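Spelled out from the first residue to the last, the chains are:
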Amino acid sequence: MPDSPPIPRHVFVYGTLRAGGSNDIARFSPAPLRIGEGVIAGTLYDLGAYPGAVLGGEGWVQGEIYRIAPALEAQLDALEEVRPDDSGEYIKREVQVRVAGAALCCLVYEIHPDRIAGRAPIASGDWFRRD
């Protein structure tokens with residue numbers, strides 16, 4: 001019996017990986033498939049050249065959803081410095097994102113809580129609309 005293809009995964013990107021960002025996800029290979037825009041509950045922090053989101057709470061974080069292959073997920077894990085013991089710069093989580101009225105399970109890279117000390121939140125929740 002042949003191996004079945006891997007189940008597609010989805011990722012919610014909210015910072016430099018968004019279309020037009022300095023790490024635009026469309027530049028990666030294999031190419032992701034854009035699904036749409038969405039928001040998640042959280043607070044976005046300005047870390048200088050990039051943002052970090054803390055999930056939950058009353059605020060909202062604006063982003064984009066992409067379908068990705070396992071090889072691209074591995075590249076994103078490396079870029080975001082994900083570690084198996086959650087000690088890296090970002091921690092990979094799964095969240096439900098509403099897209100066109102339906103919930104879609106997406107990966108999201110949450111900033112490690114130690115990295116936001118003294119950092120200002122981005123009130124708009126949108127990296128591209130930060131002040």
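Quick caveat, the model's predicted, so the values are computed rather than measured.

1. Looking at the pairing of strand 1 (residues 9-13)
Summarising burial for strand 1: four of the five residues are buried, a large majority. Here strand 1 pairs with strand 3 (residues 51-68) via five bridges, running antiparallel. When the sheet's bridge partners are listed, Val11 is paired in strand 3 with Tyr66.

2. Examining the confidence of the model for the protein chain
Counting all residues, the mean pLDDT for the protein chain is 93, and 95% of those residues have values of 70 or more. The lowest-confidence element of the protein chain is strand 4 (residues 90-99), averaging 93 in pLDDT; the highest-confidence one is strand 1, averaging 97.

3. A word on unusual backbone geometry
Residue Ser29 is joined to Pro30 through a cis peptide bond whose omega torsion reads 0°. Mapped onto the elements, Pro30 comes out in the loop between strand 1 and strand 2 (33-46). Unlike most non-glycine residues, Glu81 shows phi in positive territory, near 55°. Mapped onto the fold, Glu81 is located in the loop between helix 1 (70-79) and strand 4. Judged by relative accessible area, Glu81 falls into the partly exposed class, the value being 37%. Phi at Asp86 takes a positive value of approximately 65°, unusual for a residue other than glycine. Structurally, Asp86 is set in the loop between helix 1 and strand 4.

Reading the values: the criteria
Residues numbered from 1 in each chain as written. Predicted model: local features only at pLDDT ≥ 70, side-chain atom pairs only at ≥ 80, totals over all residues. Heavy atoms only, no water. Buried < 20%, exposed > 50% of the residue type's maximum accessible area, 1.4 Å probe, protein only. Helix = DSSP H or I, 4+ residues; strand = E, 2+ residues; numbered from the N terminus. Pairing = 2+ DSSP bridges. pLDDT = per-residue confidence, 0-100.

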